[in-house]
Amino acid sequence: MQQKVDVLIIGSGIAGLSYALKVAENNSVFIVTKSNEDESNTKYAQGGIAAVWHDKDTIEKHIQDTLIAGAGLCDEEAVRVVVTEGTERVCELIELGANFDKNKEGTYDLAKEGGHSEHRILHYKDITGYEIERALIAQIRKHKNITVLDHHYAIDVITQHHLGEVVTSHSKDIKCFGAYILNTKTQKIETVLSKITLMATGGAGHVYATTTNPTIATGDGIAMVYRAKGRVKDMEFVQFHPTSLYNPGEHPSFLITEAIRGFGAVLKTIDGKEFMQKYDERLSLAPRDIVARAIDNELKTRGEDFVYLDCRHLDRKAFIEHFPNIYNKCMDLDIDPFVNLIPVVPAMHYLCGGILVDNNGQSTIGNLFAVGECACTGLHGANRLASNSLLEAVVFAHRAAKLTSENLPSISFTENIPNWDAEGPEHAEEMVLITQSQREVQQIMSNYVGIVRSELRLKRAFDRLEILYKENEALYEKTTVTQKLGELRNLICIGYLIIKHAMRRKESVGLHYMVNYSKDAVK
Ligand SMILES: Cc1cc2nc3c(=O)[nH]c(=O)nc-3n(C[C@H](O)[C@H](O)[C@H](O)COP(=O)(O)OP(=O)(O)OC[C@H]3O[C@@H](n4cnc5c(N)ncnc54)[C@H](O)[C@@H]3O)c2cc1C
């Protein structure tokens, strides 16, 4: 089956939805999304969205904080774009119906997180992402030009390759004509032809064994663009959140937001001793990479499985008011934050790298934009500043939407696109092979390409992953495509890209910490 639409959006998180609302005025829009319409990393964002909001704060301060966190590898122009245009975009979210907490004076209750020199994080309790997603979906549902196709899994973008032309990574003028989409309810693969496609598929947390990301985060968009010979950048910069709840058996891991440390919670080892003074003068509020490495080092040297977050000295009423979700989660596990310490461990949280885009979200493939966590705009450099990612998504969604609307009148549909090979294999592979291979990828990445890396570990990871790659490509050729098989293929691709980029970078910088290039005692 072939369908035609002006704009095809793959992903229904903050990036896809905010872009959709801006391009839909005069154009038909499909949003395909592989799970329920609201399932996304966005939905789980706790801390909030950063924006310059009050007189004491300045654009320049937010820019400097972002550049410092990025360890010298940010694209300064992208940083300036996001911070300068950010406040206006947050105002639009408010106009669209997103609520953010206010204080008694009626002004926004701004939180402060690690690496920020000012209070500038707008939040809605500790479920900010849920609130933003709710507000955007409510608007999307009202829009007559937007169709949401949930439980539709994008397999690959369509380029000249599908017309039989040879496309290499050096090819100029690769163009995107739409995508092949698997309807996971009917198991039929549909061809969606579009004039412009937006990749908004989010992160890739599930390439690691422990992650705060929901199960949709398998790096599909980045892998699709890489296969289509688009450029991908900065994949070595993987952000581990220092404090996910240590609760063996729970996947994904529940996040304990950084805002709790901003609120006064303190990290301690199991024997109740503070340890951050050994690593950074900003103590528990040091940037995420430093805190995650410090915890990782304490766990390795002490042979323990978790550290504690001590909230016992905090104001109970204010805590419950600010963090009701976290409070309830802890209480469900019989951890009363005012009596007990909360056990935490680092978990894969955010991918700084992704599809290389310019300052309008345009990828290196014609008519293909990428926005949100799957894109690499240069904002984060070697490390993301907390609460900058939701902001990046709305700023770039706006810019990409503007260019899309300008470009659309001059683009026509490409004809003669073949449907997905209907004569292909009919045999469905055993799930056990797929889940076992996925676990193996996650173990390889967690053991050898985690918070602390070395040349030797990277080489070992590369060799092990290559075996899985070959096995999976063979499986893919002879098996009916399913979402699980496609996701495994994408996770292997993401693992390969992280390792390849990590091997290329011969230094220790930001989130890419290599024992070979560091004088610290951290191993
Ligand atoms: C627990 C947690 C807390 C966070 N807290 C904060 C915070 O406080 N502040 C902040 O700024 N950032 C935070 N982040 C990061 C932030 O939430 C994400 O970076 C951001 O929401 C990404 O938005 P997105 O639209 O790019 O992707 P997502 O919101 O992840 O949306 C991706 C969409 O793509 C769909 N999709 C993926 N692959 C396919 C496919 N093959 N076919 C069809 N659909 C597909 C998914 O189903 C989903 O709808 C947090 C992240 C997590 C996980």
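Just so you know, these numbers come straight off a predicted model, no measurement behind them.

Turning to helix α2 (residues 59-69), a few remarks are in order. When α2 is considered as a whole, its buried residues turn out to be H62, I63, D65, T66, L67 and A69. The inward-facing, buried residues of α2 abut β3 (49-50), α3 (76-95) and α10 (389-407). Positive backbone phi, approximately 55°, marks A71, located one or two places after α2.

Here the focus is the packing of α2 against α3. Relative orientation of the contacting elements α2 and α3 amounts to 135°, with a least axis distance of 9 Å. Of the possible angle classes, the one that applies to α2 and α3 is oblique. Of the two elements, α2 crosses α3, and the hand of that crossing is right-handed. Of α3, the residues touching α2 (which contributes I59, E60, H62, I63, T66 and L67) are E76, V79, R80, V83 and T84.

Another point: the environment of S518. Tracing the chain through its elements places S518 in the segment after β18 (513-514). On the basis of relative accessible area, S518 is assigned to the buried category, the value being 19%. As for S518 and V344, which are separated by 174 residues in sequence, their C-alpha atoms are 26 Å apart. Setting aside residues no more than four positions away along its own chain, S518 makes contact with S508 and Y513. One polar contact links S518 to Y513, side chain to side chain, over a distance of 2.8 Å.

Side-chain direction in a regular strand flips from residue to residue, so the side chains alternate between the two faces of the sheet. Counting buried residues in strand β2 (residues 29-33) gives five out of five residues, a clear majority hidden from the surface. Covered by surrounding structure in β2 are V29, I31 and T33 together with F30 and V32, the residues of both alternating faces. Here strand β1 (residues 2-10) runs beside β2; their pairing, made up of four bridges, is parallel. Paired with V7 across the bridge in β2 is V29. This β-α-β element, β1 to helix α1 (residues 14-23) to β2, shows right-handed connectivity. By the bridge criterion, five bridges tie β2 to strand β5 (residues 146-150) in an arrangement that is parallel. Its bridge partner lying in β5, T33 is registered against D150.

A negative phi holds for most residues other than glycine; trans holds for most peptide bonds. Residue P252 follows H251 across a cis peptide bond; omega there is -10°. The residue P252 is located in the loop between β10 (238-245) and α6 (259-262) in this model. In this model, H151 sits at a positive phi of 50°, which is unusual for a non-glycine residue. In this structure, H151 sits in the loop between β5 and β6 (152-158).

The next subject is the environment of H119. Relative to the assigned elements, H119 resides in the loop between α3 and β4 (121-122). Taking the C-alpha atoms as reference, H119 lies 29 Å from F306; in sequence the two are 187 residues apart. Discounting residues that sit within four places of it in the chain, H119 has contacts with H54, L110, A111 and K112. In this structure the side chain of H119 is engaged in a polar contact, spanning 3.1 Å, whose partner is the backbone oxygen of L110.

Attention now moves to the side chain of T33. Within the secondary structure layout, T33 lies in strand β2. Those residues in contact with T33, other than ones at most four positions away along the chain, are S12, V148, L149, D150, H151 and H152.

Looking now at the packing of aromatic side chains. Enumeration according to the criterion identifies twelve aromatic pairs in this entry. Arranged with centres 6.5 Å apart and planes meeting at 85°, the rings of F275 and Y279 form a pair that is edge-to-face. An aromatic cluster is defined as three or more aromatic residues linked by ring pairs; in this entry it consists of F263, F319, F323 and F338. Its guanidinium or amino end placed over the ring of Y350, R384 lies 4.3 Å from that ring's centre, counting from NZ or CZ. If you follow R489 out to its NZ or CZ, it ends over the ring of Y476, 3.8 Å from the centre.

Criteria and cut-off values
Residues numbered from 1 in each chain as written. Predicted model: local features only at pLDDT ≥ 70, side-chain atom pairs only at ≥ 80, totals over all residues. Heavy atoms only, no water. Buried < 20%, exposed > 50% of the residue type's maximum accessible area, 1.4 Å probe, protein only. Helix = DSSP H or I, 4+ residues; strand = E, 2+ residues; numbered from the N terminus. Contact = heavy atoms within 4.5 Å. Axes fitted to C-alpha atoms, helices over the stretch in contact; angles between N-to-C directions. Parallel < 35°, antiparallel > 145°, perpendicular 65-115°, else oblique. Left-handed = near helix turned anticlockwise from the far one by under 90°. Polar contact = N/O pair within 3.5 Å; in protein donor to acceptor, adjacent residues only side chain to side chain. Pairing = 2+ DSSP bridges. Right-handed = clockwise from strand over helix to strand, strands pointing away. Phe/Tyr/Trp six-rings, centres within 6.5 Å; stacked < 30°, edge-to-face > 60°. Lys NZ or Arg CZ within 6 Å of the ring centre and 35° of its normal.

Geometric descriptors of this kind do not, in isolation, establish any biological role.
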